[in-house]
Amino acid sequence: MLVDCAAYGGGCRIADVPLDDIDKWVGRADTFIWVGLYEPNDAELDKVQSELALHELAVEDARRAHQRPKLEEYGTSLFVVLRTAQWNETNKVVDWGETHLFIGHDYVVSVRHGESPSYAPVRGRCQSTPHLLRHGTGFVLYAIMDYVVDHYFAVIDGLEDQMEELEEAIFGGEVAEESTQRIYQLKRHLIAVKRAVAPLIEVCNRLVRFDQGLIIDEARPYFRDIYDHVVRINESVDSIRDALGDALEANLSLVSIRQNETMKGLAAWAGIIAVPTMLAGIWGMNFEVMPELKNPYGYPMALTLIFGAAAFLYWRFKKTGWL
């Protein structure tokens, strides 16, 4: 559906524009069109494509979504794919979306899919800074990318909180199977974040260093700021991933220690039970001639020996920490 479509000139919003009238504004000096779409149908995309002469390959990508983050050039225009992420505090998961941006000298088209956040705050920010919006469509591209990347910091904070809770659970004696499951769930989230963030390093590099006609020199420092943020997020993902590996090893080590303690306890009780079993087995043999067989104190003496030996072994195992 069409979210918003407006014309901007001189750093200000000058008119709301219907889709059918986009071509009337394209080509005007110091003016550009900003079209916002959310999960548009084929007819809406075809209309925008015909009005702005968008490349068919880029439009095909925007229809299907599920693209990796990238930057492609089609003549004098750019096509940018971004993966959007929001931390769901209720379910402790990452809600994913996708944004496709068509950037030309006189137009910006944003196509959102999935759980992508609204770009109304981005429009508000741009309209509140006309001295920057005068830079044209390059500044709009920066504002959207900055908005998307900033949401990753909340995701990283959420994952770090989950990591801390997981460490407390592991060393607090939580059931090993639950901790292992949580570790692998967190790893899946990290892999998804890594796949979304890592390609942005190359995208920002191209916008900062290479000759992009749509990005004027005054706007390049802003993209350098996004590059710094992306690098920080990427490093944070690597740090959490390393910590998860250490947590998994610690969890497995604790499991082994607990298993060893259990085996030691079982071995100790087996040793304690083995002595009475042996003595009872010896005196339980059906022979007529056996020591103390006719002794009236033989039975009490045998019981005393059995319980005494068992008590002595229990004391020894308890002293050595096996019980």
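Just so you know, these numbers come straight off a predicted model, no measurement behind them.

A.B. asks: Would you explain the environment of Met-263 in this entry?
C.D. replies: Of note, Met-263 is situated in helix H8 (residues 220-283). Its relative accessible area of 53% is what places Met-263 among the exposed residues. Along the chain, Met-263 and Trp-322 lie 59 residues apart, while their C-alpha atoms are 8.9 Å from each other.

A.B. asks: Just to check I follow, could you spell out the pattern of salt bridges for this structure?
C.D. replies: Any two side chains of opposite charge can pair, given that their charged atoms come close. Under the criterion given, the structure shown has 17 salt bridges. In this structure, Asp-4 and Arg-123 form a salt bridge, with 3.5 Å as the shortest nitrogen-oxygen distance. With Asp-4 in strand E1 (residues 2-9) and Arg-123 in helix H4 (residues 120-127), the pair connects residues that are 119 residues apart, well separated along the chain. Take Asp-4: its relative accessible area is 18%, and that puts it in the buried class.

A.B. asks: In this structure, what is going on with the pairing of strand E6 (residues 93-104)? I would like to understand it.
C.D. replies: It is a general feature of regular strands that their side chains alternate between the two faces of the sheet. The buried fraction of E6 amounts to nine of the 12 residues, a majority that puts the element mostly inside the structure. Hairpin connection of strand E5 (residues 77-88) to E6: four residues between the antiparallel strands, including Lys-92 at a positive phi of 60 degrees. Of the strand pairs in this sheet, E6 and strand E7 (residues 107-114) are connected by eight bridges, and their pairing is antiparallel. Of the residues in E7, the one forming a bridge with Phe-102 is Val-109.

A.B. asks: How should the side chain of Ser-77 be read in this particular structure?
C.D. replies: Within the secondary structure, Ser-77 sits in strand E5. There is a polar contact of 2.8 Å between the side chain of Ser-77 and the backbone oxygen of Tyr-74. Each residue touching Ser-77, except ones within four places of it in the same chain, is listed here: Glu-72, Ile-103, Gly-104, Tyr-107 and Leu-214.

A.B. asks: So what exactly am I meant to see when it comes to the packing of aromatic side chains here?
C.D. replies: How two aromatic rings sit relative to each other is given by the distance of their centres and the angle of their planes. Counted according to the given criterion, the structure contains 10 aromatic pairs. Ring centres 5.5 Å apart and planes at 15 degrees place the aromatic pair Tyr-8 and Phe-32 in the stacked group. On the criterion of sequence distance, the pair formed by Tyr-8 in strand E1 and Phe-32 in strand E3 (residues 31-38) is long-range, its members being 24 residues apart. Across the pair, Phe-32 and Tyr-8 agree in class, each one buried.

A.B. asks: Got a minute to help me understand the nonpolar core in this structure?
C.D. replies: One broad rule of soluble globular proteins: the nonpolar side chains tend to lie buried together. By size, the foremost hydrophobic cluster in this structure holds 60 residues, and its most contacted members are Trp-34, Leu-141, Ile-144, Met-145, Leu-207 and Phe-223. With 17 residues, helix H6 (residues 137-171) is the single largest residue contributor to this core. Core analysis: the second largest hydrophobic core is formed by 24 residues, Ile-22, Val-48, Ala-58 and Phe-102 among them.

A.B. asks: How do you make sense of a nonpolar patch on the surface when you look at a structure like this?
C.D. replies: Residues Met-278, Ile-282, Trp-283 and Leu-305 make up a contiguous nonpolar surface patch of about 390 Å² in total accessible area. The biggest single contributor to the nonpolar patch is H8, with three residues. Along the chain, Trp-283 falls in helix H8. Residue Trp-283 is classed as partly exposed on the basis of its relative accessible area of 42%.

Conventions adopted
- Residues numbered from 1 in each chain as written.
- Predicted model: local features only at pLDDT ≥ 70, side-chain atom pairs only at ≥ 80, totals over all residues.
- Heavy atoms only, no water.
- Helix = DSSP H or I, 4+ residues; strand = E, 2+ residues; numbered from the N terminus.
- Buried < 20%, exposed > 50% of the residue type's maximum accessible area, 1.4 Å probe, protein only.
- Salt bridge = Lys/Arg side-chain N within 4 Å of Asp/Glu carboxyl O.
- Pairing = 2+ DSSP bridges.
- Polar contact = N/O pair within 3.5 Å; in protein donor to acceptor, adjacent residues only side chain to side chain.
- Contact = heavy atoms within 4.5 Å.
- Phe/Tyr/Trp six-rings, centres within 6.5 Å; stacked < 30°, edge-to-face > 60°.
- Core = buried A, V, L, I, M, F, W, Y, C linked by side-chain atoms within 4.5 Å.
- Patch = residues over 30% accessible without salt bridge, like charges linked within 9 Å, V, L, I, M, F, W, Y side chains within 5 Å.
- Areas by Shrake-Rupley, 256 points an atom, 1.4 Å probe, with all protein chains shown as cover.

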